[in-house]
Every structure is written in structure tokens, then in C-alpha cells.
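# Chain and residue survey
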Amino acid sequence: MLFSEIYGSYFQVVAAVLTEAFDGTLTASRLTAIVQEKAFAESALSIPAALKSEDWPLLDSDLRPVLQHKPTMPLTLLQKRWLKALLSDPRIALFDPDMTGLEEIEPLYQQDTFVFFDQCADGDPFHDPAYIACFRTALKAIREKRKLRIRFHDRTGARHSLECMPYRLEYSAKDDKFRLLAIGKRRLHTVNMARVRSCELLDPYDPKKITLPHARLEELTLILHDERNALDRVLLHFSHFEKETFKLDDRLYQIKLRYDKDDETELLIRVLSFGPVLEVKAPDGFIRLMRSRIQKQIEYGTALFSGFSS
Amino acid sequence: MAYSELIKNFERVRNYMREFYVYGFKRREEYSIKSARSYDNERRRIESWLSDYMSFHQDVSGKNVFLSVDSRQIPHNPLHKAFKAKSFTAKDITLHFYIMDLLADGGTLSSKEIVDHINDNYLSKFSGSFSLDESTVRKKLKEYESLGLLRSERSGREVLYQRTDEEAFHLISWADALAFFSEENPVGVIGSFLIDKLDRPSDAFRFKHHYILHTLDSDVLCDLLVAIDERRTTELVIRSLRSAREYQRTICPLKIYISTQSGRQYLLGYHYRGRRMVFFRLDAIKKVSAGNVEKHYDKYLRYQEKFDRHLWGVSTGPDHNLDHIEMTIHLGHGEEFVLQRLEREKRHGTVELLDAQTCRFTADVYDASEMLPWLRTFLGRIVDLKCSNPLVENMFYEDLRRMDAMYRGDDHAVQ
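Residues numbered from 1 in each chain as written. Chains lettered and ligands numbered in written order. Predicted model: local features only at pLDDT ≥ 70, side-chain atom pairs only at ≥ 80, totals over all residues.

This part takes up the overall build of chain B. Looking only at helices and strands, one finds 12 helices and 15 strands in chain B. In summary, chain B has a C-alpha radius of gyration of 27 Å against a globular reference of 22 Å for 415 residues, an excess of more than 25%. The burial tally for chain B puts 39% of its 415 residues in the buried class. Relative to all contacts within chain B whose residues are 6 or more apart in sequence, the contacts with residues 24 or more apart total 64%. (Helix = DSSP H or I, 4+ residues; strand = E, 2+ residues; numbered from the N terminus. Rg over C-alpha atoms; globule rule 2.2 N^0.38 Å. Buried ≥ 20, exposed ≤ 12 C-beta atoms within 10 Å, placed from the backbone. Contact = placed C-beta atoms within 7 Å.)

Spelled out as C-alpha cells, the structure:
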């Protein structure tokens, strides 16, 4: 259903080539450049040759199009049904797209078809008009590269006002929350959108003059003991990190993954969740955190000690 | 057959991409493959699509290839590219542009008229041997009608075709929504196809805890969504992830369960023969065939609602009996966030505050052993743990003992 050539890279690239041919600017080198830019690494070996050799008779020998119109294609029914289904997602209120053309379309699915069973229950208030207004203003600021004045409260309830240059909205499906990533007062700010009380659009800024700060990346080295299907579970769970895995022995693996130091506490409890099948080998600070949690647990309650002795 | 970076069948490359992305430590000879050339071709294709994300590791035992992506840093899921690599014939691509062009002004044409126009308007400009017969054109027109690109109407003995976009669709107003939902929606690859139509896609979003692998199962998911929407019984061909054994199940498909903490996707369906609710991992499903409309679909949906109330994740336990579990947590000074965490992560459980520094989480679930990873995230704060299933308590304590030994031993002395 999805795997069709009409959605394929080659059809897209050929449409782009033909469009440029209509503009009269297509040359052999431009043809190759478009393919290199928009298609796969090895497409330049096949697409230009097919177009120039008349295997695909769409351009004449002078690279002029034989078509009468610039190439366009209607949306497929699947694409329309997917868009229609999005209209039932509460987060669509953040975007306000033009729904014209979808009136008679059946959605691909109902919103309650999906159950996100381990998603946090305190997601952002996507129905709240004030939240929607702030979100749209922040999104506009990012799109138009304009400064923003935001008023928000932090986790302790203290109020803040910040003039900043917003550059991304970051969403976590696990938390069901958006965070605004912005630069202000010479440092990176990450602000939960649900904590923003007001957003005011200010003047444009020159994006060339700002440098996005690099995340404080650390490398975590883990030894994985493959029992209880741990290999599959661990590698899938940490798959969103940049990582490298080595097989050390039968059912023994080493994983190196790079993480943002700011997320260390979250990563700590994720490693803890795997119990003894994961063993932290580096960095030392992380090992100390693991040891501290475990020792603290050992010190708690007679129930656990009785569990030890049983 | 000569190598091509395009593919006819998605299934094989689906397996390789998963291996390269999730495991990454395997060497060429460790893949259960038909032939070395097969491995080399698949690896070369994936390199061609995803060269920016491919890495290599070489040591004395050989070379291994892996896909490594920090998905927090990228705006688009690179694995979507696999869905854009379907092979086709010269006639497919040529006919596509000819048909769309001939009908671009909103007019209607029969298949015979289209063939005549193709010969007169386009092929007459070439001296080559390229030719198209009416049956090929008719077949393509029908295919495009089923995809929704064209509509048809009868006029006497003729069938006339017309494009379906007589009114412009304002896709540009969707640019931000597409950038978001193409990543966040379970069938976001459809959004990726739409983004390809935009001159200036939005770059406003990034995604934390972003699991991108599931997109490889989008075709299966799409078939299931249609079956669920049409309330049809469904036959699944499943390949066991452990034994690689293939088997079939006939079920009533009801819901798609998705983990936001691993990216895993599951179909929940009523298994007719087993007379019970069963979960199937989507990455184990090879084929979905929709059957008849299920007359009692509402009955099974009500069953699912009731069934869901005691699920922690997707494990139903051996017999659907309930395990009762209680975890008492100590809240240190200034650690109210732990209580908040319990509240937002409790799922079907309940949380009660016992005193200013103690709270209790309680749940009745089909399989409490499935909760162990979550329980361990509270290590260092658990005052008491009780479970009606003694195996769960024993495993918790045994794991803790092993972890204690692991981090207390001399081997782990911090330098």
C-alpha cells in the first residue's frame, strides 16, 4: 500500500528535473546536480543516463521537456485519508492547516485506534486556548526568525521573563510535551511550553549571528549480559542514541552510547530499570550514581533484607 | 540480474535495516542470508540510501556495518527513504508523466484517446523503439484510479478518466503539521511523502526519545489500520522473532498498542481459535490479509475495554489471573517530584499518600513481572514491596542482590 514507485525518490527527482527543463535552465551538469542533491547516492549513475538515452522519453536531445505542463500530481487517497485522520488528533489545533478538500474523505483510522500505554499522564494541554496561542506564536517566531519575549514559571513556581531567539520546538512522545529551545542571555534555554504564560513576538534576528550551543555529550560504556532477551530489549530501548555495539563473547556485549549530560538522571533510571543485565563500566561518575542508588536501597526497610535472606 | 539501488520487495531490506540499526555488531558471515552476494547487495543499497548514517567497525575478526543515528538531532527519519526505493519499469515512469500531463488541464480522456495523444504528442518526437499499447495504458489508468489519482466515469461504451485535483489542495498550509506528524505519527512515512512535494519544508521541530525503527513496519500497520477501520477479520502471517518459525493466525484486529519507551508496536486482536485476546509485535508480522466484515465487532471492542483495565504493558500472563502489587516509597525532603512521577507513570495503578514522606503505589495487573523494570527505576526509595506473585518479589530481590555485588566488588572500584 505504501511501497509504491509513485512516492519514490526517482519519480520526485524526475519531476524536479522536468520542472527545471520547463524553466529553460536545464543543462547536463544541472541534471546530474539535481539528481545528486535530491536522490540516493548512486542515482546519478542511472537517472541522467535514462533521461538522455530516451529510455525514459521525457526530454528531447536538447534537454527540453516533451510534456505540455510542469509536472504535478494529485494527492493519493491514502495521503488524504491520513491527513483527514490527523484532524482528530488534539495536537492538530497547534497548526491550523487548511482543511479544504478533505470534506468527503474518510479518515484512515480513528484516534482511539492507538493506545500509547506507557505515555506519561501529564502531557501538555493541547485543548487549552492559551497554550495553543503561545505555541503558535513560538512557532511563528521560529519560522520567521524573530525574537520572542516569554513569561513562564519554573518547576519551583518562580516567575521569569526572557527575551530570546527561539530555534526549535522539541517534542517527547514519552512525556507528551513540547519544549522550546531558545538562546537568550548568551546561553541555551529549554522551557516547557506548558509553563509558558505569555509569548510576545519581537523583531527579526539574523540567524547567521547566532551559534547553536553544542550539547554536553558524555559517553556511557555498558556491558550487556544477554539473559531474559536482554539484547533485544536493551538495544531497542537505547536505539535512539548514537551508539556502537561490540560482541565480546557468547551472550556478552559492550555498548557505547553518547548522551547529553543534562539528561544523566533520566538515563540513570533507565539503566537501573534493566537490573543486573546491564553493568556500567564508564564514566566513573555514572558508576558512583548507580552504586549510591543501590546502596541506598539496601539500607531501606527490613522487607528487602528479609528478601535477601530468603 | 544487474544490481540496482531500487528494490521490488520490501521484506528483505526491512530485515537488514533492522539488523544494521538495532544490532550493528554482526559481521557479514553472521547474517542468516541466502548468499554473500545477497548481503553485499542489500548493504550497498542501504549505504546508497543512508550513506550519512552508515558506519563501519573493523577489527581482527572482520568488518561490521551499522546504522547509528542520534534521532534527537535530525528533523526527518532517514529510514523513510527505504519506502522511496521501489523499483519500476521504463513504461511505469514514462506513462506516469504522460498521463498526468495529458489530464493536467482538468479534461477527460478515454484510454484510446490517451494512447493516441501519447503517440502524437510525445513519442513522435523520438526515433527510438519505445511503444505503449492500449492494454498497458488501461491497466495503468485503473491502478491510478484505485490510488485516487484519477477518477472515471462512463460515457456510452467508453470510460473517461480525469485527475482528482481539479481544486488545488493547499498543502503549504500543512508544512509545520507535516514536519511534526511525519515523525510523531505511527504512519508518519505518509507525511514524509507529502513533505517531498513541498519546496520549502518546515524545520521547526526536533524529537526527544524518538524511536525511528518502527517506520519499517508502516506497510503492515497501514494494512491493519484499514482492516480495523473496516472491522474485518484478518489473517496474519507471522514469523517468530526467536525461532524464525512462520505461522498463521486468524483474528479480529482491535487496537494498536505502542510503547513510547521502546518504540515497539503491537496489534491487539481477538484470536478466534484460542478464544482470547492476543498481542502480536508488528515487526513479526509479515503479511496482513483482510477477510469478511466481523458482525460482532462491538462485542470484541467492549471485551478489549474491559481487558485493558488490568494491562501494565502488553503481557497477559499465563492465565489472565491478576497479580496484586504494592510498592511503598519514601519521599525525601524536597523530593515531591517522586510523587509527581508516580502520578504520571502509574497507568492503571493508584497512588496514595500515607504520610508527609511516604506514599504507596498499588495495582492489579495480569503480569506483575512486566512491571519489574519500572519498579527498579525507584531503587533507592523503595521502603517495601509486596506482590501476590512470589516470583516477582523473589526476582526483584535477587536482581538487587546481583546489582549490589556488581557495584560493590573490587572490579568496579572507581579509579
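What follows deals with the overall build of chain A. Within chain A, the secondary structure is distributed over 9 helices and 10 strands. In terms of overall dimensions, chain A is more spread out than a globule: its C-alpha atoms have a radius of gyration of 27 Å, far above the 19 Å expected for 310 residues. Within chain A, the proportion of its 310 residues that are buried is 34%. For chain A, long-range pairs separated by at least 24 residues make up 56% of all intrachain contacts whose partners lie at least 6 apart in sequence.

When helix H7 (residues 264–273) of chain A is considered as a whole, its buried residues turn out to be Leu268, Val271 and Leu272 of chain A. On an axial view of H7 of chain A, the arc spanned by its buried residues comes to 100 degrees, and they lie on one face. As for H7 of chain A, its buried residues are in contact with strand S10 (278–282) and helix H8 (284–299) of chain A together with helix H11 (372–376) of chain B. Downstream of H7 of chain A by one or two residues, glycine 275 of chain A has phi in the positive range, about 60 degrees. (Arc of directions from axis to C-beta.)

Attention now goes to the interface of chain A and chain B. Note on interface size: it is often stated as the accessible area lost on association of the parts. Of the residues lining the interface, 105 residues belong to chain A; the matching set on chain B comes to 114 residues. Ranked by residues supplied to the side of chain A that touches chain B, first place goes to H8 of chain A with 10 residues. Looking at the side of chain A that touches chain B, its residues break down into 57 nonpolar, 24 polar and 24 charged. Here strand S1 (residues 114–116) of chain A pairs with strand S8 (residues 246–258) of chain B via 3 bridges, running parallel. Looking across to S8 of chain B, one finds that valine 115 of chain A is bridged to tyrosine 257 of chain B. (Nonpolar A, V, L, I, M, F, W, Y, C, P; charged D, E, K, R; others polar. Pairing = 2+ DSSP bridges.)

Turning next to the domain arrangement of chain B. Taken domain by domain, chain B comprises domain 1 (10–70), domain 2 (90–163), domain 3 (213–308) and domain 4 (323–408). Placing a centre on the C-alpha atoms of domain 2 of chain B and another on those of domain 3 of chain B gives a separation of 39 Å. (Domains from an automatic or database assignment.)

Another point: the sheet that holds strand S8 (residues 242–249) of chain A. Adjacent strands of a sheet pair through backbone hydrogen bonds, lying either parallel or antiparallel. Residue and element names in this part refer to chain A. Strand order in the open sheet made by the 4 strands is S8-S9-S7-S10, with antiparallel pairing throughout. Edge positions in the sheet fall to S8 and S10, since each has one partner strand and no second. Strand-to-strand twist across the sheet, computed as the mean angle between neighbouring axes with direction ignored, equals 25 degrees. Relative to strand S9 (residues 252–260), strand S7 (residues 217–225) is paired through 9 bridges, and the arrangement is antiparallel. Bridging from a neighbouring strand, glutamate 219 pairs with arginine 258 of S9. (Axes fitted to C-alpha atoms, helices over the stretch in contact; angles between N-to-C directions.)

Attention now goes to the nonpolar core. Within the largest apolar cluster, 178 residues are counted, with the highest numbers of intra-cluster contacts made by Val14, Val17, Ala138 and Leu169 of chain A together with Leu224 of chain B. Ranked by the residues each element gives to this core, the list is headed by helix H1 (residues 9–22) of chain A, at 8 residues. (Core = buried A, V, L, I, M, F, W, Y, C linked by C-beta atoms within 7 Å.)

All right, on to unusual backbone geometry then. The linkage connecting alanine 282 of chain A with the following residue, proline 283 of chain A, adopts the cis geometry, with an omega of 5 degrees. Tracing the backbone through its elements, the reader meets proline 283 of chain A in the loop between S10 and H8. Residues other than glycine seldom take positive phi values, yet lysine 145 of chain A does so here, at roughly 55 degrees. Locating lysine 145 of chain A in the fold gives a position in the loop between helix H5 (129–144) and strand S2 (146–153). We classify lysine 145 of chain A as partly exposed; it has 14 C-beta atoms within 10 Å. Its identity as a non-glycine residue notwithstanding, histidine 209 of chain B has a phi of 50 degrees, on the positive side. When the 19 C-beta atoms within 10 Å are taken as the criterion, histidine 209 of chain B is described as partly exposed.

Under the domain assignment used here, chain A contains domain 1 (1–73), domain 2 (77–110), domain 3 (129–209) and domain 4 (217–305). Placing the centre of domain 1 of chain A and that of domain 3 of chain A at their C-alpha centroids yields a distance of 41 Å.

Next up on the list: the pairing of strand S4 (residues 150–155) of chain B. All names here are of chain B. Here S4 pairs with strand S5 (residues 158–163) via 6 bridges, running antiparallel. Within the sheet, the bridge partner assigned to leucine 150 lies in S5 and is arginine 163. Where S4 hands over to S5, the hairpin turn is made up of 2 residues, of which glycine 156 adopts a positive phi near 65 degrees.

Glancing now at the confidence of the model for chain B. Mean pLDDT for chain B: 92, with 97% of residues reaching 70 or above. On the interface metric, ipTM, the complex scores 0.95, and its pTM is 0.95. (pLDDT = per-residue confidence, 0-100.)

A few words on the sheet that holds strand S3 (residues 109–110) of chain B. Here 3 strands make up an open sheet; going across it, the order is S3-S5-S4 (chain B) and the pairing antiparallel. The two strands at the open ends of the sheet, each matched to only one other strand, are S3 and S4 of chain B.

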